[in-house]
Amino acid sequence: MARPRMPPACAAQAHPVMLPNGQPAPEIRLIVTDVDGTLLNSKQELTPRVEAAVKAAAAAGVPLVVATGKARGPWVREVFPRIDMDMPGVFLQGLLVCDGQGGTLWQRPMEDAVVAQCLQLADSYGVTLTAYCGDRILAASLDEHTERLKFYKEPTVEAVGHLSGILGQVPVHKLIFMAPQTKIDEMRPAVEAALAGSASLTTALTGMLEVLPLGASKGSGVAWLLSHLDADASHIMALGDGENDVEMLQLSGLAVAMGNAGPVAKAAAHWVAPRNDEDGVAAAIEKFVLAPRGLSLDSSAAVVASTAHGGAAVSGH
């Protein structure tokens, strides 16, 4: 398979955009976006306006890639065809990079010793532990916590008995402790202390504490993909809403936090977009990708064109 290449650099921006800090925004040549809480709204929907904006950016020579903590599960089949997605993507908090067809380009599994330690911690605290293994999610049994993953259209969780049975048999990329948020808050300091120097922790959703290989993050996965694409981080716009997006935001030339983002994501951002329920991704694309090129995305015409004809209406101004 031919290695994907970035589009050639565009001409100088016709209408530079200034950031709140008084500096001009960089020319954006690639968009990297989180999925839950960012690209999708709170109902796990790709809205027509966001769909139209992504297509308009691609038509202007600025493709989009996803960088998500999710597995490459059923949600991909619903979202990717609507935005003509054939670019590589970053999954499992940066631990798995796939090509446009889902083939593995790069991955980083977790050490068995860390998995074993997490199993002991889960047993000690009496919480659910799920293991993300490529496109599979494994758990000892199914409960109200594993049931939550259905809403996010993740792969169906497989009940396989105590996860000690998969040690040395199935590569594990990441683990998630699942419990009420009060329990997660109670146990996190002890988990951080127990895993210090052997694993990294992050959060993406309430009631979940994720364990990754030491030093791993979405940022490291995106950095690998940028190198693979021969793309310059100073010309990417990254969008996110969670603690797990911070390293990716810090890596990018233009960091955009959603209006619904947590404090740590907003602190890492150059600009805060409207909420994901207010088409924040579309607003960011209009402001930093289309407008500098003298283009605009008319809300009604673009949405109609996107839903009726599979394309986006873009007009110059």
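(A) Region of the structure containing the pairing of strand β6 (residues 128-133). Across the 6 residues of β6, 6 count as buried, placing the element largely inside the fold. Here β6 shows a buried face lined by T128, T130 and Y132 and a second buried face lined by L129, A131 and C133. By the bridge criterion, 5 bridges tie β6 to strand β9 (residues 174-178) in an arrangement that is antiparallel. Bridge pairing in β9 links A131 to L175. From the end of β6 to the start of strand β7 (residues 136-139), which pair antiparallel, there are 2 residues, and G134 there has a positive phi angle of about 65°.

(B) How the structure looks around the nonpolar core. One finds I31, M237, I285 and F288 to be the most contacted residues of the largest nonpolar core, which totals 79 residues. In terms of residue count, helix α10 (residues 280-290) provides more of this core than any other element does, 7 residues in total. If we skip the residues at most four places from it in the chain, I31 touches A57, V62, P63, L64, V65, M237, L239, I285 and V289. Core analysis: the next-biggest nonpolar cluster, separate from the first, contains 26 residues, C133, I184, A199 and V211 among them.

(C) Seen up close, the packing of aromatic side chains. Per the counting criterion, the structure on display carries 5 aromatic pairs. Between W75 and F80, the ring centres sit 5.6 Å apart and the planes meet at 85°, which makes this aromatic pair edge-to-face. By the burial criterion, W75 is buried, and F80 matches it. With 6.1 Å between their ring centres and 25° between their planes, W106 and W224 make a pair best called stacked. Linking W106 in strand β5 (residues 104-107) with W224 in helix α7 (residues 218-229), this pair joins segments that are 118 residues apart in sequence. Take W224: its relative accessible area is 25%, and that puts it in the partly exposed class. The structure contains a cluster of three or more aromatic residues connected by ring pairs, namely W75, F80 and F91. Above the face of the F288 ring, K287 is positioned so that its terminal group lies 5.7 Å from the ring centre.

(D) Focus on the pattern of salt bridges. A complete count under the given rule lists 15 salt bridges for this structure. Among the charged side chains, a salt-bridge network with shared partners connects E27, R29 and R293.

(E) A look at α7. For α7, with 12 residues, the first-to-last C-alpha span of 16 Å sits near the 16 Å given by 1.5 Å per residue. The set of residues buried in α7 consists of K218, G219, G221, V222, L225, L226, H228 and L229. The N-capping residue of α7, defined by a side-chain oxygen 3.1 Å from the backbone nitrogen of G219, is S217. The positive-phi residue at the C-terminal boundary of α7 is D230, with phi of around 55°.

(F) Structural detail: the side chain of D241. Inspection of the secondary structure puts D241 in the loop between β12 (236-240) and α8 (246-251). It is K218 that comes nearest to the buried, bridge-free D241 among opposite-charge side chains, at 6.2 Å. When neighbours within four sequence positions are excluded, D241 is seen to be in contact with D34, D36, G37, T38, M258, N260, A261, G262 and A265.

About the thresholds
- Residues numbered from 1 in each chain as written.
- Predicted model: local features only at pLDDT ≥ 70, side-chain atom pairs only at ≥ 80, totals over all residues.
- Heavy atoms only, no water.
- Buried < 20%, exposed > 50% of the residue type's maximum accessible area, 1.4 Å probe, protein only.
- Helix = DSSP H or I, 4+ residues; strand = E, 2+ residues; numbered from the N terminus.
- Pairing = 2+ DSSP bridges.
- Core = buried A, V, L, I, M, F, W, Y, C linked by side-chain atoms within 4.5 Å.
- Contact = heavy atoms within 4.5 Å.
- Phe/Tyr/Trp six-rings, centres within 6.5 Å; stacked < 30°, edge-to-face > 60°.
- Lys NZ or Arg CZ within 6 Å of the ring centre and 35° of its normal.
- Salt bridge = Lys/Arg side-chain N within 4 Å of Asp/Glu carboxyl O.
- Expected span 1.5 Å × (residues − 1).
- Polar contact = N/O pair within 3.5 Å; in protein donor to acceptor, adjacent residues only side chain to side chain.
- Lys, Arg positive; Asp, Glu negative; His and termini not counted.

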